[in-house]
Amino acid sequence: MGILSNQFANVVEWEEFSDELIFWKWKNREIKKGSKLIIRPGQDAIFLYQGKIEGVFKDDGTYDIETKIIPFLSTLKGFKFGFNSGMRAEVLFVNTKEFTIKWGTKGPIMLQAQGLPGGLPIRANGTANVKVSDYATLIDKVAGIKDSYSIEDVKLRIITILDQLLMKHISQEGKDMFNLQASAIDISRGIQEDLDMETSKDGISVTGFSINNFNYPQEVQDAINKNAAQSMVGNVANYTQLSMVDAIAEGKTGGNSTMGSMAEMMMGATMANQMMGQMNNNATMNQQAAPQQAAPQQGAGGTAPKFCPECGTPTNGAKFCSECGTKLI
């Protein structure tokens, strides 16, 4: 009799457990006398009867349903298994771990920026962390119509509204459109709060949100890099020379030969201008020192010099200059 009474006994467990599923439903099966419930680490088991929660079991292990589970169910405490009858109930297994979702914008987000009538197109990527937080809401909004729910389903839900949230929090006052990474923490915090409000409608909480990168169009990124390089150099002339050196290097390593030649010519002209400027500076310094260096000495024995030291007029042996009157002896 004992063998016959247990011949239809079954095992209630999460078959083919997957880390990618948030929950999985064991359903449409009759639980017979002698059936077992298996709860694995990282799982909770929720007994449902006619769509309502009867009991939640969190400790992992193997349980005899008749003696260890039935006595704790809300409306089925007095259920007695018959020889040919069992209990029809659904068991929802919930994955209790925290999931990490990698996200990226579906397309460029057009942000208003001064000087760009069409807006500034940017992309972004990062991660979000989610986990189940409210079993009753999860069952009411999702599990009531689905047999399973994957992390991809949650990701799709998040990405659907993420672009709007990025625009909302990036466009707030005080954000530098060309240095958004500096504001990434503030932007992430605001987006997490809004996302959590949205996903909590399904019984799921957003426990973390971060932005890894903001990506600009290549030409905008090049301009940002040049501006940063110019700030580091601190001198426009030096920055121009640095740009020329880069262009020449690109030409020598297989870049555009015309661009490389033009850069060489520009750099040569710049260097020539610098040399001319240096020569002019030297000439000015020499002119300032000329009177001292050119001052002639009086002739030997008290004789007059051949030329006036002031105006350069020939003296012809006179004691005073016939042009400016300077005393020569």
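One can find the structure itself at the top, above this paragraph.
Because the structure is a prediction, the values reported are computed rather than measured.

Asks: Explain the overall build of the chain to me, please; I cannot follow it from the model alone.
Replies: Scanning the chain from terminus to terminus reveals 8 helices and 14 strands. Here the chain, with 329 residues, has 34% of them falling under the buried criterion. The long-range fraction of contacts in the chain, counting pairs at least 24 apart against all pairs at least 6 apart in sequence, stands at 64%.

Asks: Is there a simple way to think about the sheet that holds strand S4 (residues 36-39) in this case?
Replies: Note on sheets: strands pair through backbone hydrogen bonds, and any given pair is parallel or antiparallel. Spatially, S1-S4-S7 is the arrangement adopted by the 3 strands of the open sheet, whose pairing is mixed. The sheet is open, and its two edges are formed by strand S1 (11-12) and strand S7 (61-64), each paired on a single side.

Asks: Just checking my understanding: could you explain the sheet that holds strand S6 (residues 52-57) for this structure?
Replies: Strands sit in the order S6-S5-S9-S2-S13 across an open sheet of 5 strands; the sheet is antiparallel. What marks the edges here is a single partner per strand, and that holds for S6 and strand S13 (148-150). Pairs of neighbouring strands in the sheet enclose a mean axial angle of 20°, with direction left out of account. Relative to strand S9 (residues 90-95), strand S2 (residues 21-26) is paired through 4 bridges, and the arrangement is antiparallel. Following the sheet pairing, Lys 25 is matched in S9 by Leu 92. Along the sheet, helix H4 (residues 151-170) contacts S2 and S13; its crossing angle with S13, the most-contacted strand, is approximately 60°.

Asks: What's the story with H4 in this structure? I'm lost.
Replies: Since the α-helix advances by 3.6 residues per turn, residues separated by three or four positions end up pointing in the same direction. Given a rise of 1.5 Å per residue, 20 residues ought to cover 28 Å, and the 27 Å separating the end C-alpha atoms of H4 matches this to within 8%. The sharpest bend along H4 reaches about 40° and sits at Leu 162. For H4, the full list of buried residues reads Ile 151, Val 154, Ile 158, Ile 159, Ile 161, Leu 162, Asp 163, Leu 165, Leu 166, His 169 and Ile 170.

Asks: Teacher, can you tell me more about helix H5 (residues 184-199) here?
Replies: Here H5 is 16 residues long and its end C-alpha atoms lie 22 Å apart, about the 22 Å a rise of 1.5 Å per residue gives. Turning to H5, its buried residues number three or more, namely Ala 184, Ile 187, Ser 188, Gly 190, Ile 191, Asp 194, Leu 195 and Thr 199. Buried residues in H5, looked at end-on, bunch into an arc of 165°, giving them a common side. Projecting away from the buried face of H5 at angles above 90 degrees are the exposed residues Ile 185, Glu 193 and Met 197.

Asks: Could you clarify how one ought to interpret the pattern of salt bridges in this entry?
Replies: Where charged atoms from two side chains of opposite charge approach closely, those side chains can pair. Taken as a whole and judged by the stated rule, the model has 11 salt bridges. Note that Arg 157 and Asp 202 form a salt bridge whose closest N and O atoms lie 2.2 Å from each other. Of this pair, Arg 157 sits in helix H4 while Asp 202 sits in the loop between H5 and strand S14 (204-215), and the two are 45 residues apart along the sequence. Residue classification places Asp 202 among the buried residues on the basis of a relative accessible area of 12%. Taken together, the shared-partner salt bridges connect Arg 157, Glu 198, Lys 201 and Asp 202 into one network.

Asks: Help me understand the packing of H4 against H5, please; the structure alone is not making it clear to me.
Replies: Contact geometry of H4 with H5 gives a least axis separation of 10 Å together with a crossing angle of 140°. With respect to H5, the axis of H4 lies oblique. With respect to the hand of their crossing, H4 and H5 are arranged in right-handed fashion. In this structure, H4 contributes Arg 157, Ile 158, Ile 161, Leu 162, Leu 165, Leu 166, Lys 168, His 169 and Ile 170 to the contact, and H5 contributes Ile 187, Gly 190, Ile 191, Asp 194, Leu 195, Glu 198 and Thr 199.

Asks: Quick question: what am I supposed to make of unusual backbone geometry here?
Replies: The general pattern is negative phi for most residues beyond glycine and trans for most peptide bonds. The residue Glu 16 is not glycine, and still its phi comes out positive at about 55°. Relative to the helices and strands, Glu 16 resides in the loop between S1 and S2. Given the relative accessible area of 76%, Glu 16 is considered exposed.

Asks: In this structure, what is going on with the environment of Ser 210? I would like to understand it.
Replies: For Ser 210, the position within the fold is in strand S14. In contact with Ser 210, not counting residues within four places along its chain, are Trp 103, Gly 126, Thr 127 and Ser 188. Only 2.9 Å separates the side chain of Ser 210 from the side chain of Thr 127, close enough to count as a polar contact.

Asks: Would you mind showing me how to read the packing of aromatic side chains here?
Replies: Any two aromatic rings considered together are summarised by their centre-to-centre distance and by the angle between their planes. The final tally for this structure, using the stated rule, is 8 aromatic pairs. Between Trp 14 and Phe 17 the ring centres are 4.7 Å apart and the planes differ by 90°, which places this aromatic pair in the edge-to-face class. Its relative accessible area of 32% is what places Phe 17 among the partly exposed residues. Cluster of aromatic residues (ring-pair linked, three or more members): Trp 14, Phe 17, Trp 24 and Phe 93.

Asks: Is there a simple way to explain the pairing of S4 in this structure?
Replies: Every other side chain in a regular strand lies on the same face of the sheet, so the side chains alternate between the two faces. A one-sided burial pattern is seen for S4, the buried positions being Leu 37 and Ile 39 and the unburied ones Lys 36 and Ile 38. As paired elements, S1 and S4 share 2 bridges and run parallel to each other. The residue of S4 that forms the bridge with Val 12 is Leu 37. Relative to S7, S4 runs antiparallel, the two sharing 4 bridges. Pairing of Ile 39 across the sheet is with Gly 61, part of S7.

Conventions used here
- Residues numbered from 1 in each chain as written.
- Predicted model: local features only at pLDDT ≥ 70, side-chain atom pairs only at ≥ 80, totals over all residues.
- Heavy atoms only, no water.
- Helix = DSSP H or I, 4+ residues; strand = E, 2+ residues; numbered from the N terminus.
- Buried < 20%, exposed > 50% of the residue type's maximum accessible area, 1.4 Å probe, protein only.
- Contact = heavy atoms within 4.5 Å.
- Pairing = 2+ DSSP bridges.
- Axes fitted to C-alpha atoms, helices over the stretch in contact; angles between N-to-C directions.
- Expected span 1.5 Å × (residues − 1).
- Bend = angle between axes of the 7 residues up to and from the residue.
- Arc of directions from axis to C-beta.
- Salt bridge = Lys/Arg side-chain N within 4 Å of Asp/Glu carboxyl O.
- Parallel < 35°, antiparallel > 145°, perpendicular 65-115°, else oblique.
- Left-handed = near helix turned anticlockwise from the far one by under 90°.
- Polar contact = N/O pair within 3.5 Å; in protein donor to acceptor, adjacent residues only side chain to side chain.
- Phe/Tyr/Trp six-rings, centres within 6.5 Å; stacked < 30°, edge-to-face > 60°.

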